[in-house]
Amino acid sequence: MNAHTLPSIPSRLSDKRRENIRRLLNPRHLVLMGGRQVEYMLLNFQVHTFGGEIYIVNERREQIRGIKCYRSLADLPVVPDAVYLGVNAETTIAAVAELNAMGAGGVICYASGFSELGGIGIERNRRLVEAASRI
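Residues numbered from 1 in each chain as written. Predicted model: local features only at pLDDT ≥ 70, side-chain atom pairs only at ≥ 80, totals over all residues. Heavy atoms only, no water.

## Some thoughts on the pattern of salt bridges
If the charged atoms of two oppositely charged side chains come close together, the side chains can form a pair. The final tally for this structure, using the stated rule, is nine salt bridges. Measuring nitrogen to oxygen at the nearest pair gives 2.7 Å for the salt bridge that ties Arg23 to Asp81. Remark: Asp81 occurs in the loop between strand E4 (67-70) and strand E5 (82-86) and Arg23 occurs in helix H1 (residues 15-25); sequence separation between them is 58 residues. By relative accessible area, which is 12% here, Arg23 ends up buried. The shortest N-O distance in the salt bridge between Arg71 and Glu62 comes to 2.3 Å. (Salt bridge = Lys/Arg side-chain N within 4 Å of Asp/Glu carboxyl O. Helix = DSSP H or I, 4+ residues; strand = E, 2+ residues; numbered from the N terminus. Buried < 20%, exposed > 50% of the residue type's maximum accessible area, 1.4 Å probe, protein only.)

In C-alpha cells, the structure reads:
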C-alpha cells in the first residue's frame, strides 16, 4: 500500500491522529511483540512481502524466523509506525502505554480478557483506552 492508495482520513481528527493513522496503514517500521502469534505474522509478511523494516520484541528468544528479537520495547532502535501485539491482556495494556509514551503511530492488539468478560475485563478495557490516549 502506498500513500496514493490510502483511504481518506476524516478531517475532524487532529493532525496528529491523522498522521498516526497514515503511519499505521503505511508503516516504514513494523514491530511485532509476542511469541507464537509473531511467528504466524512473520510467515504472512514473508509470503506477501512487506517493504519496510520489521523488528521483534520477545524477552525470551534470541530470534524468530531468522529475525533478531529485542528484549523490550525500550531496546528498539526506532519509534515504530505500526505495532502488532500478540501478548496477554495485562502485558498489552503496559505495552500500549509504553508505545504511547514513545510516540508510536498505531497498535493492533491480538488479546482477550477485556470487556467481553464483563467485570474485570471492563476495567482492563478502560485502562487500555487510557493507555492509548494519544495513539
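Read on, since the account is not over.
## With respect to the packing of helix H3 (residues 89-102) against helix H4 (residues 119-131)
As a packed pair, H3 and H4 sit with axes 8 Å apart at the nearest point and diverge in direction by 15 degrees. Considered as vectors, H3 and H4 are oriented roughly parallel to each other. In the crossing of H3 with H4, the sense of the turn from one axis to the other is left-handed. Two secondary-structure elements touch here, H3 through Ala89, Glu90, Thr92, Ile93, Val96, Ala97 and Asn100 and H4 through Arg124, Arg127, Leu128 and Ala131. Taken together, the residues that form the contact of H3 with H4 break down as six nonpolar, two polar and three charged. (Axes fitted to C-alpha atoms, helices over the stretch in contact; angles between N-to-C directions. Parallel < 35°, antiparallel > 145°, perpendicular 65-115°, else oblique. Left-handed = near helix turned anticlockwise from the far one by under 90°. Contact = heavy atoms within 4.5 Å. Nonpolar A, V, L, I, M, F, W, Y, C, P; charged D, E, K, R; others polar.)

That's the geometry; what it means functionally is another story.
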